[in-house]
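In case you want the letters, here they are:
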Amino acid sequence: MSKIDPEEIVEEIEESGQLGHPDHHVPLVGQAPRRKEDARLVTGQTNWTDNIQIPGLLHAAVLRSPMAHARITSIDVSAAREQPGVIAAFTGADLQHHWAGGLPCAWPVTPDMKQPVHLPLAVDTVRYVGDAVAVVVARDRYAAADALESIDVEYEPLPAVIDLEEALTDATLVHEDQGTNRAFDWPFEAGEVDATFDAAEVVVKRRYFQQRLIPAAMEPRAVVVAPIAAADEYTVYSATQIPHILRVMLALVTGIPEQKLRVVAPDVGGGFGSKLNVYAEEAMALILAKVLGRPIKWTESRSEGFQATIHGRGQIQDVEIAATRDGRVTGLKVQLLADMGAYLQLVTPGVPILGAFMFPGIYKFDAYRFGCTGVFTTMTPTDAYRGAGRPEATFAIERIMDDLATELGMDPIELRRRNWIEHHEFPFDTICGLTYDSGNYEAATDRALELFDYDGLRREQAERRERGDRVQLGLGTSTFTEMCGLAPSRVLGSLSYGAGGWEAASIRMLPTGKVEVVTGSTPHGQGHETAWSQIAADALGVPFEDVEVLHGDTAVAPKGMDTYGSRSLTVGGIAVVKAAEKVIEKARRVAAHLLEADERDLDFAQGTFSVRGSPEASKTIQEVSLAVFAAHDLPDGMEPSIDADSVFDPENFSFPHGTHLCAVEVDTETGFTRIHRYVCVDDVGNVVNPQIVEGQVHGGLAQGIAQALYEEAVYDPEGNLTSGTFVDYLVPGAPDLPAFVTDRTVSPSTTNPLGVKGVGEAGTIASTPAVINAVIDALKPLGVTDMRMPASPERVWRAIQEANASGGSAGQAATGTTTLTAQAGPEASA
Amino acid sequence: MIPAAFDYVRPASVAEAVAALGEHGDEAKLLAGGHSLLPLMKLRLASPGVVVDLGRIPDLRGVRDDGDVLAIGAMTTHQAVVADPLVREHVPLLAHTTAMVGDPQVRNRGTLGGALAHGDAAGDLPAVAQVLEAEMVLEGPSGRRTVAAADFFVDYLTTAVGEDEVLVEVRVPKYGAGWGYRYEKFNRVAQAWAIVGVAAMVRRENGTVAEARVGLTNMGTVPYRARATEGALAGAPADATTLATAAEAADQGTDPPSDLNAQADYRRHLARVLTRRALEAASGA
Ligand SMILES: Cc1cc2nc3c(=O)[nH]c(=O)nc-3n(C[C@H](O)[C@H](O)[C@H](O)COP(=O)(O)OP(=O)(O)OC[C@H]3O[C@@H](n4cnc5c(N)ncnc54)[C@H](O)[C@@H]3O)c2cc1C
C-alpha cells in the first residue's frame, strides 16, 4: 500500500535521535552543558578502586615505621602468619629479590644528583614515620589490620633530620651511602646580577617559608591487582592520575614485562598531584599478586594518607630584589632550600626547578640568579602538589613586590604597573628563556580593581585605622602568571625530565554514527568526559550525547601521558581536535565518492559534507560512518576506516595569568583572620566550559587560601607528624571561605588551535600571596611586617605582641633586612 | 583506621545495660552516638572487648518537663536538643551551644549523655553543664544516684560515672527570662572543636549583675568555672568596664594545654577576651 519514501525514513531516524540533528548543531564550546560524569561521581555509584570486588580477593595491610629514623635490628612476622585469616606476611628482606629496581624518580635534575635506592618495603633502615616495613595479606582487611599488631620489630633509633639548614651540616645522614644530605644544587643565572645589585638604589631581602602541606584528596589511594597467574599477566587498578606512566614504571620496578601489564585508573576522587606518583603499595600489590597468584587489594586509611602519601611544598626561600627609588625592579636573586623528604619520588627534585622559571612572574628586569639545593630529611617524601613549584615562586615574588612597595612608600598596584609586561609587548621573552605568548595584565587588573572597589576598601581601611578599630582591614594583591600545559617534550628534555610532554587522542566512528573519543589524559574529577565531548561534537558536527569519552585504561587508551600540570585541555584537548581533523579528511574522501563529487568541491559544516553549489547533495559524517562500516562502496584503495589517532606535542607552554585581590578582616585581639572579599579576574584564554573553569578556580582558591591560613604538616623534633589527623591538620570547608567574585579576561593562547590555557592550578598559585599580603597590610600600622604560614590566629596574635614589644618592627629582624641607601650591595644588607 | 575485634550487645533496657556492664567489667564500653568512641577505636586508642549499644533503649531519649527542671534523656541527640521547644524556652544556652557542636552529621548522631560522659574538656557541653548547674542521674546495680555537674568532671576524659553505671538523664534547672546567655566558641575552621570556649549566663537586676556564671572549655583537663570573674561581678554594675575588669581574672586557676592550635599563654589570653565578649552579650552591656 504505502510507498517507501527514503526521505521519510531518514527523517524518522533523525527524530528517533539515533543520528541526532547534525544540521542544527549549536556550538558547544563556550557553553556549560551538564557534566556527563557527575551523576555517578557525586552518588559514588561507580567503580572507585576500593569498590572493585574480584572472586578470591585478598587484602593487604602495611606495617609502618613509628620512628622517623632508625635501624631495624630485628623483625619477625612469623606470629602474624599464624593469625586467623592470614595468608602471608613479608618483611622487606623477604621481598627484596623481587625488585628489579627501586621506586622511580623520573627527574634527575642534575647529572650528579644523589638518587638513593628506594625499595617499596624498607630493609635495615627506616627513614620517615610511615615508611613501610612489613606487609600482611589476609582474607579480609580486618584480619590483615589485626595481624599487624603481632609483628615484632626492634628499632635502634637514629637522630631525626627535620631542619633543612641543620641537615646540610651532614651531622646525621639520611642516606649513609650517599655521604651527604644534599641531593643536588641547581643553579641558573642570566644578566649582570652582581653589578645590578651593587648599583641598586634599593635592595629588599627577605626569607620566606613554604610550609609542608598534605594533599588530602577526598578518595584515599587504593590499588587492586588481578593476576592471570597462568599467563603471568596482571591488571592493576589504581586510584592514580597516571595509569600510563605507572605501567612503564611498574614494569621497571618489578621486572614484569610492560606488555603483560594493564593499568586501569577507574574513577578517581581527586589527586592534586598526590596521585601523580609511583607508590610502594602499587608495586607491592603487584608483587604480592604475582607471588600468591591471587588478586590483592590495598586501600589506604586516612592516617596512612597523612604519613605515606607525598606531601607538598616545604621550602625556605631567600629572596632579594633590587630596584630604583622610583620603583623600577632591576634584579632578583633567589636561593632555595627544598625539602625532598626521605626519598626522591617520581618528580620530587623537579618541583622547585619548575618554580625557577616563575620567580620573575609578570615583571621585566635584566638580572636574575636562582639556586636551589635539594635536601634529604627524615620526613615523608615531598612531590608535586597543585601548582608544584609555581605557587612557591609566585608567593615569593608577589610577597616581595609588596614588601618593596612598602619600602618605597608606593601603592602595591602602582609598583606592579611600573614593572609588568605591557600587553603590546607580547610575545615576550623572559629572563628565564620562556616566551610568554599572550596576556593582558592591565585589563585583568583594571577589571579586578573595579569589581573589588579597591578605592572604597582603602577608604574603609583608613577609617578603621583612624578609629583604632579592633578589627582591622587589609588589602592584598597578587598579579600572577604561571607556566602550564606541560609540556613541550624538547623543553622537558632540556630539563632532564625522563619523559615527553605530548598527549594522545583517538577518535573511533561507530556504525550507528556515534563517536568514541579515546584520550590519554586521565581525569580525576576535572570533567574531561564533558569537555572532550564538547570539543569533538563541535569539530565533527555531531550531537554532544553521541560522544563517549574513554580514558584511564591502558588497554582502551594505550597511549597517554596523563593528567597533571594543567595540561589536559591544552595538550590532550588539542590532540582531540587534531584527531577530529583527520577523521574529517578521511570522511571527506568517502563522502566525495558517495556523492560522485570532487573532494575539493565539498564543504564541511554542521557535520555535513555538501557539494558546493548544490547543497541538497550532502552526506552527514554519521552517514559516512555507516557507509564505511558496510564498506560496500568505498573509494578504490581506501581502508574501510575513518578512525584516526593523533599525538600532540605542544610547542610552548600556556601562560594563564590573573589579578587576585583579597580583603581580610583581622581581629587584632584574638588574631583571627576572616576573608572579607575575594575578587579574581583570571585570563585562561578561550574557555571550553565556563562552569568547569569556575569549579577549578574555586577549588584552587580554597587550596591556596588553605595554605595561607589553615594547613600545615607539623613535625616534632623527633620526626613525628604531629598534625596526623584532621583535628590538627585543618582543611577549610565552605563556611570558612568567602563568596568568591570571579571574572575573566580573554587573551587567547597563540600556541594551540583552541586558544586555550590551563586552569587547574591557577587559583592555588595566585591566592596564597594575596591573602598573606592582605594580612600584613592589615597589621602594618601595628608594626607587623611578615607572617609565617599558615597565618593562624595564634601566629597573628604573637606577631602583634612582638611588634608591640619591639616598638613596631616585628618580623623584620627575624626574616630579613632592608637597605634604603644608594649603592647598598648585598653584603651591606645581609 | 580499623578497630580491633569486639563483641556487640544491644540491651533493651537500662537494667540490661547495667547487667551487661556488670558481666564484662572493664572490658565493656557503652556506645551512644559513637562519635567520640568510634574514632578512638579506629585509631586503636581504645579497644573494648564488648561494645554495649544504648541505641535501642527508648527511655533514654527525649526531653521531659519535670517542674522546675528539664529532664533530658542521655541518648537525646544534639540535633534533638537544638530543636526541642522546651530546651529552647527554658534552657536556651544549651540549644544555642549545642547548635555549634561539630557539623550536622555529628549533631545527628552524637548525644548529650555521650558528650558529658566522655568528659572531653574540649567538648562544648561540659562547660555549659557547669554553668547550668545541671545534675547527672546515674544508674548502677544498686539503683540510681545523682551527681552535680561540679562533681561530675573528675579528670582528663574521666567522669564520676562508675564502671558499672549508665548515665541515664541530665537534669537542668529552668532559667527564667531574667537570664542572658552566650557561648563564645573560638576555633580556626568552622565545625572544629573549640580552641577555647566560654559559656556565660548573667542575671541582671536594676543595672547590676545579680549573678554571673562563667564556664570555660578546653582550659585544662576538666571544664572550669571562672570563679574569680564570677565573684568580682556579684552585685557589681553591669557596665562594660566592670565586665572587662572582671574578665581579666577568667583564666585564674586554669591549667590550659598547649597544642598545635594554641600554646597555653595564648589560651589564657583567649579565655579573658572571650569571657569579656560572652559577658557583654549575656548582660546586654
Ligand atoms: C567530626 C567531629 C566533630 C566534633 N565536634 C565537636 C564539637 O565541636 N564540640 C563538641 O562538643 N563535640 C564535638 N564532637 C563530639 C561529639 O559531640 C560527640 O558526639 C560526643 O562528644 C560524644 O557523644 P556520643 O553520643 O557520640 O558518645 P560516644 O562516642 O558513643 O561515647 C563517648 C563516651 O561516653 C561513654 N558514654 C556514652 N553514653 C554514655 C552513657 N549514657 N552513660 C555512660 N557512658 C556513656 C561511652 O562509653 C564513651 O566512652 C565531634 C565529633 C566528631 C566526630
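This is a predicted model, so every value here is computed, not measured.

**A look at the overall build of chain B**
Link 1 in the chain: For chain B, the count of helices and strands is twelve helices and 14 strands.
Link 2 in the chain: Here the C-alpha atoms of chain B give a radius of gyration of 19 Å, agreeing with the 19 Å that 2.2 N^0.38 yields for 285 residues.
Link 3 in the chain: Of all 285 residues assigned to chain B, the portion counted as buried reaches 54%.
Link 4 in the chain: Sequence-distant contacts, at least 24 apart, represent 62% of the contacts inside chain B between residues at least 6 apart.
Link 5 in the chain: In chain B, the 27 positive side-chain charges and the 35 negative ones have mean positions that sit 6 Å from each other.

**Re the site of the ligand**
Residues and elements named next belong to chain B.
Link 1 in the chain: Taken together, 28 residues are adjacent to the ligand, and Leu30, Gly33, Gly34, Leu37 and Thr111 come closest.
Link 2 in the chain: Lys29 has a polar side-chain atom sitting 3.2 Å from an oxygen atom of the ligand.
Link 3 in the chain: With respect to the ligand, the backbone of His35 contributes an N or O atom lying 2.8 Å from an oxygen atom.
Link 4 in the chain: Computed on the free molecule, the ligand has an accessible area of 970 Å², of which 90% lies beneath the protein chains in the complex.
Link 5 in the chain: Elements with a contribution of two residues or more to the shell around the ligand: strand E2 (28–31), helix H7 (112–118) and strand E10 (166–173).

**So, the pairing of strand E22 (residues 602–605) of chain A**
All names here are of chain A.
Link 1 in the chain: Taken together, the four bridges between E22 and strand E23 (residues 608–611) define a ladder with antiparallel strand orientation. Opposite Ala605, over in E23, you have Thr608 as the bridge partner.
Link 2 in the chain: From the end of E22 to the start of E23, which pair antiparallel, there are two residues, and Gln606 there has a positive phi angle of about 55°.

**A look at the nonpolar core**
Link 1 in the chain: In this structure, Tyr678, Ile705 and Met787 of chain A are the most contacted members of the largest nonpolar core, which totals 150 residues.
Link 2 in the chain: At nine residues, helix H12 (residues 390–408) of chain A tops the list of elements feeding residues into this core.
Link 3 in the chain: Those residues within four positions of Ile705 of chain A in sequence are excluded, and the remaining contacts are Ile675, Tyr678, Tyr710, Leu737, Phe740, Ser767 and Val771 of chain A.
Link 4 in the chain: Grouped together as the second largest cluster of nonpolar side chains are 63 residues, Val87, Leu112, Val128 and Leu138 of chain B included.

**Some thoughts on the interface of chain B and chain A**
Link 1 in the chain: Between chain B and chain A, the residue contacts involve 24 residues of the former and 31 residues of the latter.
Link 2 in the chain: Across the interface of chain B and chain A, roughly 2,300 Å² is buried in total on both sides, 57% from carbon and sulfur atoms.
Link 3 in the chain: Three residues stand out in chain B for area buried against chain A, namely Arg188, Leu260 and Tyr266 of chain B, and they jointly supply 29% of the buried area on that side.
Link 4 in the chain: Taken together, the connections running from chain B to chain A amount to six salt bridges.
Link 5 in the chain: Notably, a salt bridge pairs Glu669 of chain A with Arg277 of chain B, separated by 2.7 Å at the nearest N-O pair.
Link 6 in the chain: For the pair chain B and chain A, the number of links is 13 residue pairs in polar contact (both at pLDDT 80 or more).
Link 7 in the chain: Among the elements that take part in the side of chain B that touches chain A, helix H12 (residues 264–283) of chain B stands out by supplying seven residues, more than any other.
Link 8 in the chain: Grouping the constituent residues of the side of chain B that touches chain A by class yields 14 nonpolar, five polar and five charged.

**What to know about unusual backbone geometry**
Residue and element names in this part refer to chain A.
Link 1 in the chain: Following Phe426, the chain continues to Pro427 via a peptide bond in cis, the omega torsion being -5°.
Link 2 in the chain: Along the chain, Pro427 turns up in the loop between helix H13 (412–419) and strand E16 (428–429).
Link 3 in the chain: Residue Met789 is joined to Pro790 through a cis peptide bond whose omega torsion reads -5°.
Link 4 in the chain: Within the secondary structure, Pro790 is located in the loop between helix H21 (762–779) and helix H22 (793–805).

**So, the environment of Ala487 of chain A**
All names here are of chain A.
Link 1 in the chain: Structurally, Ala487 can be placed in the loop between strand E18 (471–481) and helix H16 (489–494).
Link 2 in the chain: In sequence terms Ala487 and Trp502 are 15 residues apart; their C-alpha atoms lie 6.9 Å from each other.
Link 3 in the chain: Residues within four places of Ala487 in sequence aside, it is in contact with Leu492, Gly501, Trp502, Asp649, Pro650 and Phe653.

**Some words on helix H18 (residues 568–595) of chain A**
Residues and elements named next belong to chain A.
Link 1 in the chain: End to end, H18 covers 38 Å across 28 residues, agreeing with the expected 40 Å (1.5 Å per residue, within 8%).
Link 2 in the chain: Of all 28 residues making up H18, 20 are buried, and the element is well covered by its neighbours.
Link 3 in the chain: Looking one or two places after H18, you find Glu596, whose phi comes out positive at around 50°.

**A few points about the domain arrangement of chain A**
Residues and elements named next belong to chain A.
Link 1 in the chain: Each assigned domain of chain A is listed with its residue range as follows: domain 1 (6–30 + 502–648), domain 2 (49–158 + 216–308) and domain 3 (385–484 + 653–818).
Link 2 in the chain: Computed over C-alpha atoms only, the centres of domain 2 and domain 3 are separated by 38 Å.
Link 3 in the chain: Taken together, the eight residues of domain 2 in the interface contact twelve residues of domain 3.
Link 4 in the chain: Surface buried jointly by domain 2 and domain 3 totals about 810 Å² across both partners, of which 67% is contributed by carbon and sulfur atoms.

**Observations regarding the domain arrangement of chain B**
Residue and element names in this part refer to chain B.
Link 1 in the chain: For chain B, the assigned domains are domain 1 (7–53), domain 2 (58–173) and domain 3 (182–283).
Link 2 in the chain: The C-alpha-based centres of domain 2 and domain 3 are spaced at 21 Å.
Link 3 in the chain: Between domain 2 and domain 3, the contact holds 24 residues from the first and 19 residues from the second.
Link 4 in the chain: Looking at the side of domain 2 facing domain 3, the largest losses of area belong to Ala121, Ala122 and Val131, adding up to 28% of the total buried there.
Link 5 in the chain: There are three salt bridges connecting domain 2 and domain 3.
Link 6 in the chain: Residue Glu133 pairs with Arg213 through a salt bridge whose shortest N-O separation is 3.4 Å.
Link 7 in the chain: Taken together, the links from domain 2 to domain 3 amount to ten residue pairs in polar contact (both at pLDDT 80 or more).
Link 8 in the chain: With seven residues, helix H8 (residues 124–132) is the single largest residue contributor to the side of domain 2 that touches domain 3.
Link 9 in the chain: Taken together, the residues of the side of domain 2 that touches domain 3 sort by class into 14 nonpolar, five polar and five charged.

**Description of the sheet that holds strand E12 (residues 196–205) of chain B**
All names here are of chain B.
Link 1 in the chain: Spatially, E11-E12-E13-E14 is the arrangement adopted by the four strands of the open sheet, whose pairing is antiparallel. Two strands lie at the open edges of the sheet, namely strand E11 (179–186) and strand E14 (224–225), each paired on one side alone.
Link 2 in the chain: The sheet contact formed by E12 and strand E13 (residues 208–217) spans nine bridges and is antiparallel. Within E13, the residue paired with Gly197 across the bridge is Thr217.
Link 3 in the chain: Against the sheet, H12 engages E11, E12 and E13, with an angle of about 35° to E12.

The rules we used
Residues numbered from 1 in each chain as written. Chains lettered and ligands numbered in written order. Predicted model: local features only at pLDDT ≥ 70, side-chain atom pairs only at ≥ 80, totals over all residues. Heavy atoms only, no water. Helix = DSSP H or I, 4+ residues; strand = E, 2+ residues; numbered from the N terminus. Rg over C-alpha atoms; globule rule 2.2 N^0.38 Å. Buried < 20%, exposed > 50% of the residue type's maximum accessible area, 1.4 Å probe, protein only. Contact = heavy atoms within 4.5 Å. Lys, Arg positive; Asp, Glu negative; His and termini not counted. Charge placed at Lys NZ, Arg CZ, Asp CG, Glu CD. Near = heavy atom within 4 Å. Polar contact = N/O pair within 3.5 Å; in protein donor to acceptor, adjacent residues only side chain to side chain. Areas by Shrake-Rupley, 256 points an atom, 1.4 Å probe, with all protein chains shown as cover. Pairing = 2+ DSSP bridges. Core = buried A, V, L, I, M, F, W, Y, C linked by side-chain atoms within 4.5 Å. Buried area = accessible area lost by both parts, 1.4 Å probe. Salt bridge = Lys/Arg side-chain N within 4 Å of Asp/Glu carboxyl O. Nonpolar A, V, L, I, M, F, W, Y, C, P; charged D, E, K, R; others polar. Expected span 1.5 Å × (residues − 1). Domains from an automatic or database assignment. Axes fitted to C-alpha atoms, helices over the stretch in contact; angles between N-to-C directions.

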